[in-house]
Amino acid sequence: MDNSNKKYKTTDSIISKVEEPTIVYNSEKTYANIEDHPLFAKVIEKSKKEASEGKGSTTEEVMKRVSEKFSFLK
């Protein structure tokens, strides 16, 4: 009597290979670095302008609002 367990025996022909389809999005350009994106400079300039005008919040103000809103995180 053969004691080998055939139901656990696998070969390359039995194992099915799953392959994802190749998708082409036809995008013009991908930016590997956010600093290369054309809108990045505009956003930074706007942020600097708002900071110099006194707009925005201090770290203490933000932390107070967060702790009030998410009191369970203490």
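Everything below is about the structure printed above this text.
Here the structure is a predicted model, which is why all the values come from computation and not from measurement. (Residues numbered from 1 in each chain as written. Predicted model: local features only at pLDDT ≥ 70, side-chain atom pairs only at ≥ 80, totals over all residues. Heavy atoms only, no water.)

A. Spotlight on the overall build of the protein chain. Scanning the protein chain from N- to C-terminus turns up two helices and zero strands. For the protein chain, with 74 residues in total, the buried portion stands at 0%. In the form shown here, the protein chain has an accessible surface area of approximately 8100 Å², with 54% of it arising from carbon and sulfur atoms. (Helix = DSSP H or I, 4+ residues; strand = E, 2+ residues; numbered from the N terminus. Buried < 20%, exposed > 50% of the residue type's maximum accessible area, 1.4 Å probe, protein only. Areas by Shrake-Rupley, 256 points an atom, 1.4 Å probe, with all protein chains shown as cover.)

B. The packing of aromatic side chains, seen in detail. Applying the stated rule across the entire model yields one aromatic pair. Here Phe70 and Phe72 contribute two aromatic rings whose centre-to-centre distance is 6.1 Å and whose plane-to-plane angle is 90°, an arrangement assigned as edge-to-face. (Phe/Tyr/Trp six-rings, centres within 6.5 Å; stacked < 30°, edge-to-face > 60°.)

C. Up close: the pattern of salt bridges. Per the counting criterion, the structure on display carries one salt bridge. Between Glu53 and Lys55 there is a salt bridge, and its shortest N-O distance comes to 3.4 Å. Assessed through its relative accessible area of 45%, Glu53 is described here as partly exposed. A relative accessible area of 54% places Lys55 in the exposed class. (Salt bridge = Lys/Arg side-chain N within 4 Å of Asp/Glu carboxyl O.)

D. Helix H1 (residues 38–52), seen in detail. Taking 1.5 Å per residue, 15 residues should reach 21 Å; H1 reaches 23 Å between its end C-alpha atoms and fits that length. Within H1, only zero of the 15 residues are buried, leaving the element largely exposed. Just downstream of H1 lies Gly54, where phi reads positive at about 85°. (Expected span 1.5 Å × (residues − 1).)

E. Just the environment of Ser67, in detail. Summarising the element assignment, Ser67 is placed in helix H2 (residues 59–69). At a separation of 2.9 Å, a polar atom in the side chain of Ser67 contacts the main-chain carbonyl oxygen of Lys64. (Polar contact = N/O pair within 3.5 Å; in protein donor to acceptor, adjacent residues only side chain to side chain.)

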